[in-house]
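Residues per chain are reported as follows:
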Amino acid sequence: DGGITQSPKYLFRKEGQNVTLSCEQNLNHDAMYWYRQDPGQGLRLIYYSQIVNDFQKGDIAEGYSVSREKKESFPLTVTSAQKNPTAFYLCASKSSGGSDTQYFGPGTRLTVL
Amino acid sequence: AQSVAQPEDQVNVAEGNPLTVKCTYSVSGNPYLFWYVQYPNRGLQFLLKYITGDNLVKGSYGFEAEFNKSQTSFHLKKPSALVSDSALYFCAVRVPSGNTPLVFGKGTRLSVIA
């Protein structure tokens with residue numbers, strides 16, 4: 001899992017509440033990514049950021065929001081508009097080299113009660 | 001558009017036997033290809049990657065993968081499986097352009113039986 005931390009490890013939320021997942025990296029990586037993992041569906045991209053103060057939508061951005069105010073941090077907010085938020089959320093980062101590897105954090109499991 | 005297919009949801013192999021986890025890809029141009037492994041309730045761990053050069057790539061824990069451009073495949077292999085290799089394996093691809101995100105296959109669950 002390297003220098004990428006995600007907190008909390010487990011998160012429970014009531015329907016209708018927004019919740020923010022934390023992702024911090026100390027690898028001096030420029031790019032950061034959020035993926036969602038559901039059983040049998042692999043990893044799907046939610047949002048990514050290639051540089052501070054800039055981010056792009058991924059394949060399943062609806063109901064999610066992000067910010068990138070600092071290089072080290074890329075928090076993900078799961079809003080009440082996300083219809084099925086229960087999933088395992090993975091954050092990743094990568095340096096700017098074209099062939100460089102994307103490294104992952106340990107993940108946050110979100111359960112909506 | 002980029003895509004990855006892992007045709008097997010589950011692979012079972014006896015301990016000590018060779019293992020293969022299959023991956024095919026579709027991408028415009030030359031691909032960067034990756035394999036990751038995931039243990040239960042953990043993040044993904046990088047195993048190996050193909051960027052250019054030798055088609056046979058060696059990685060962590062004795063794993064290797066062979067890039068086959070004509071068959072657009074990047075199968076993961078290990079000569080002798082261990083029970084501890086049991087996990088979920090993901091193949092991923094991206095184009096060699098800046099920080100384009102990886103596109104992942106759906107994963108293959110490997111079970112190594114003692």
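Please read all numbers here as calculations on a predicted model, not as lab measurements.

A. Representation of the overall build of chain A in the model. The helix and strand inventory of chain A stands at 0 helices and 11 strands. Helices and strands appear in chain A in the N-to-C order β-β-β-β-β-β-β-β-β-β-β. Taken over C-alpha atoms, the radius of gyration comes to 13 Å for chain A, in line with the 13 Å a tight globule of 113 residues would show. When its C-alpha atoms are laid out on the principal axes, chain A stretches across 40 × 25 × 25 Å. When contacts within chain A are restricted to residue pairs at least 6 apart in sequence, those whose partners lie at least 24 apart make up 53%. In the form shown here, chain A has an accessible surface area of approximately 5200 Å², with 48% of it arising from carbon and sulfur atoms. For chain A, the centre of its 12 positive side-chain charges and the centre of its 11 negative side-chain charges are spaced 6 Å apart.

B. Geometry of the nonpolar core. Residues and elements named next belong to chain B. The biggest cluster of nonpolar side chains holds 28 residues, and the ones touching the most others in it are Trp35, Leu47, Leu48, Phe74, Leu76 and Tyr89. Among the elements of the structure, β2 (10-14), β3 (19-21), β5 (32-38), β6 (44-50), β8 (64-68), β9 (73-78), β10 (87-94) and β12 (108-113) are those that each provide at least two residues to this core. For this core, the element with the highest residue contribution is β10, accounting for 4 residues. In this structure, Tyr89 is in contact with Gln6, Trp35, Tyr36, Val37, Leu47, Phe63, Leu76, Gly107, Thr108 and Leu110, ignoring residues within four places of it in sequence.

C. Up close: the pattern of salt bridges. Residue and element names in this part refer to chain A. In this structure the tally under the stated criterion is 5 salt bridges over all chains. Lys71 is the salt-bridge partner of Asp30, the closest N and O atoms lying 3.3 Å from each other. With Asp30 in the loop between β3 (19-25) and β4 (31-37) and Lys71 in the loop between β7 (64-66) and β8 (76-78), this pair connects stretches of sequence that are 41 residues apart. Residue Asp30 is classed as partly exposed on the basis of its relative accessible area, which comes to 24%.

D. Structural view of the sheet that holds β7 of chain A. Residues and elements named next belong to chain A. Pairing within the open sheet is antiparallel, and its 4 strands lie in the order β1-β3-β8-β7. With one partner strand each, in any of the chains shown, β1 (4-7) and β7 form the two edges of the open sheet. For this sheet the average axis-to-axis angle between neighbouring strands, irrespective of direction, equals 20°. Note that β7 and β8 share 3 bridges and pair antiparallel. Following the sheet pairing, Tyr64 is matched in β8 by Val78.

E. Representation of the side chain of Arg13 of chain A within the structure. All names here are of chain A. Topologically, Arg13 is positioned in strand β2 (residues 10-13). Buried and unpaired, Arg13 has Glu15 as its nearest opposite-charge partner, separated by 7.3 Å. A distance of 2.8 Å separates a polar atom in the side chain of Arg13 from the backbone oxygen of Gln17. Reaching out from Arg13, the side chain makes a polar contact with the backbone oxygen of Val78 at a distance of 3.3 Å.

F. Structural context of the interface of chain A and chain B. Contact residues are listed per partner, giving 30 residues for chain A and 22 residues for chain B. Together, the buried faces of chain A and chain B total about 1900 Å²; carbon and sulfur atoms form 49% of this surface. For the pair chain A and chain B, the number of links is 0 salt bridges. The interface formed by chain A and chain B holds 7 residue pairs in polar contact (both at pLDDT 80 or more) in total. Secondary structure elements with two or more residues in the side of chain A that touches chain B: β4, β5 (43-51), β9 (87-94) and β10 (103-104) of chain A. Residues that form the side of chain A that touches chain B fall into these classes: 12 nonpolar, 13 polar and 5 charged.

G. Main features of the state of the cysteines. One pass over the full model with this rule turns up 2 disulfides over all chains. The disulfide partner of Cys23 of chain A is Cys91 of chain A, and the S-S distance across this bridge is 1.9 Å. The sign of the -70° torsion about the S-S bond sets the Cys23 of chain A-Cys91 of chain A disulfide as left-handed. In this pair, Cys23 of chain A sits in strand β3 while Cys91 of chain A sits in strand β9, placing the two residues 68 residues apart along the sequence. Take Cys23 of chain A and Cys91 of chain A: they sit in the same class, and that class is buried. At a sulfur-sulfur separation of 2.0 Å, the disulfide partner of Cys23 of chain B is Cys91 of chain B.

Thresholds, definitions, all that
Residues numbered from 1 in each chain as written. Chains lettered and ligands numbered in written order. Predicted model: local features only at pLDDT ≥ 70, side-chain atom pairs only at ≥ 80, totals over all residues. Heavy atoms only, no water. Helix = DSSP H or I, 4+ residues; strand = E, 2+ residues; numbered from the N terminus. Rg over C-alpha atoms; globule rule 2.2 N^0.38 Å. Contact = heavy atoms within 4.5 Å. Areas by Shrake-Rupley, 256 points an atom, 1.4 Å probe, with all protein chains shown as cover. Lys, Arg positive; Asp, Glu negative; His and termini not counted. Charge placed at Lys NZ, Arg CZ, Asp CG, Glu CD. Core = buried A, V, L, I, M, F, W, Y, C linked by side-chain atoms within 4.5 Å. Buried < 20%, exposed > 50% of the residue type's maximum accessible area, 1.4 Å probe, protein only. Salt bridge = Lys/Arg side-chain N within 4 Å of Asp/Glu carboxyl O. Pairing = 2+ DSSP bridges. Axes fitted to C-alpha atoms, helices over the stretch in contact; angles between N-to-C directions. Polar contact = N/O pair within 3.5 Å; in protein donor to acceptor, adjacent residues only side chain to side chain. Buried area = accessible area lost by both parts, 1.4 Å probe. Nonpolar A, V, L, I, M, F, W, Y, C, P; charged D, E, K, R; others polar. Disulfide = S-S within 2.5 Å.

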